[in-house]
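# Summary of structural features
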Amino acid sequence: MVTSSPAAPPRVVVVTGVSRFLGARVAARLAADPRVERVIGLDPLDPPPALAGLLADVELIQADARAASGAIAELGAEAVVHLAVTSAPDPRSGGRVAMKEQNVIGTMQLLAAAQGADRLRKLVVRSSTSAYGASFRDPAVFTEDTEPRAVPRGSFARDILDIEGYVRGFRRRRPEVAATVLRFAPFLSSTAETSLTRYFAQPVIPTVLGRDARLQFVHVDDALEILHRSVVEDHPGTFNVAGAGVLALSQAVRRAGRISLPLPEGTLSSVAALARNVGVGQIGLDQIDLFVHGRVVDTSRLVKEFGFSPRTTAAAFDDFIHGHRTGQALNADRLAAAERAILDGIRRVRAAATQDQEHASS
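This one's a predicted model, so the numbers in the text were calculated from it and none came from an experiment.

### So, the nonpolar core
Counting residues in each nonpolar core, the largest one holds 39 residues, and the members touching the most others are Val15, Leu30, Val81 and Leu182. Of all elements in the fold, only β1 (12-16), α1 (21-32), β4 (79-82), β6 (178-184), α7 (220-232), β11 (237-241) and α12 (300-306) reach the threshold of two or more residues within this core. Looking at this core element by element, the count peaks at 7 residues for α7. Val14, Leu123, Phe156 and Ile160 belong to the second-largest nonpolar core, a separate cluster that totals 28 residues.

### Points about the pairing of β11
For a regular strand, the rule is simple: side chains alternate between the two faces of the sheet. Burial of β11 is extensive: 4 of the 5 residues sit out of reach of the surface. Where β6 meets β11, 5 bridges bridge the pair, whose relative direction is parallel. Along β11, the bridge assignment pairs valine 181 with threonine 238.

### Looking at helix α4 (residues 95-115)
With 21 residues, α4 extends 30 Å between its outermost C-alpha atoms, agreeing within 8% with the 30 Å of an ideal straight helix rising 1.5 Å per residue. By the largest-angle criterion, glycine 106 marks the main kink of α4, which is about 35°. Listing the buried residues of α4 in full gives Gly95, Met99, Asn103, Val104, Gly106, Thr107, Leu110, Leu111, Ala113 and Ala114.

### Some words on the environment of valine 12
Here valine 12 is to be found in strand β1. We classify valine 12 as buried; its relative accessible area is 8%. Taking the C-alpha atoms as reference, valine 12 lies 9.9 Å from arginine 35; in sequence the two are 23 residues apart. Once residues within four sequence positions are removed from consideration, valine 12 is found in contact with Arg38, Ile40, Leu75, Gly76, Ala77, Glu78 and Ala79.

How each quantity is defined
- Residues numbered from 1 in each chain as written.
- Predicted model: local features only at pLDDT ≥ 70, side-chain atom pairs only at ≥ 80, totals over all residues.
- Heavy atoms only, no water.
- Core = buried A, V, L, I, M, F, W, Y, C linked by side-chain atoms within 4.5 Å.
- Buried < 20%, exposed > 50% of the residue type's maximum accessible area, 1.4 Å probe, protein only.
- Helix = DSSP H or I, 4+ residues; strand = E, 2+ residues; numbered from the N terminus.
- Pairing = 2+ DSSP bridges.
- Expected span 1.5 Å × (residues − 1).
- Bend = angle between axes of the 7 residues up to and from the residue.
- Contact = heavy atoms within 4.5 Å.

Now the structure itself:
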């Protein structure tokens, strides 16, 4: 049962981050909705060719969220969808400094612009279940009211906490605007490409020795449906968005037909950069903490409010596997090369640690 009263969809919508997979698809869906008159996409980068075709009916402005004040006010935006949030630093574009500038400073400046937009009546912000952090004191299931038990180590999780803090301030200043915060579980589908899909697509999957984390995922198509409904309907509040059920990490590895390589947590952190270089996946502190502690969220508030249930975690994962069957299958040569590279890295880490101990005792 949907609890919110119906409201007229906004006529003018601004979407940030349209040069990326999620932003382009959200903007395209809104532009195809006859109830929405204009969709304006903000992004400092031109969309890649693979996404440009989706945006034929979207008005593109080459600017980031920090330069949004003019666009939001002058275009008469009635809704803003903030998707320009990056989950991992890119060394080619400034690394962690650029990531924080975009995620935290960009969000702060976007919300400052939104605060002064008189016609604005809806704000939708992409968040993450990383907002709950990762700790040995975590509950079995997180609800939207659960506070983090420890300050997260990962940069993305820390940025998410800052972003949500700015949204809370915006809600106090503009209580008449329906502000929706969507805490997404990690995205999966047959077409999505994220650090997690790259991780599970590799022939050898590093895991944390002695841990078998419980995981949840959300299918990208279901995320798009929730985002679309958040714009054209009124659903103020904060919502967990995930597929029902869980997969243990070991189950996910087996379902993907991959080989698990259990490593001590410290060793996995030390060889993360090496793993990226040899094509085993992109692993950061956010992912390592997830693989140590796991994370399961309650979605009953979402289902009740939106009248929509995302497909299960297992179904989302199976769709991902189906899309990566060709061209990513385990191959004896790739397996041997990857194992050698990882094991060589582990040996180097252990040798360095032994030398440090010998120097300390001499």
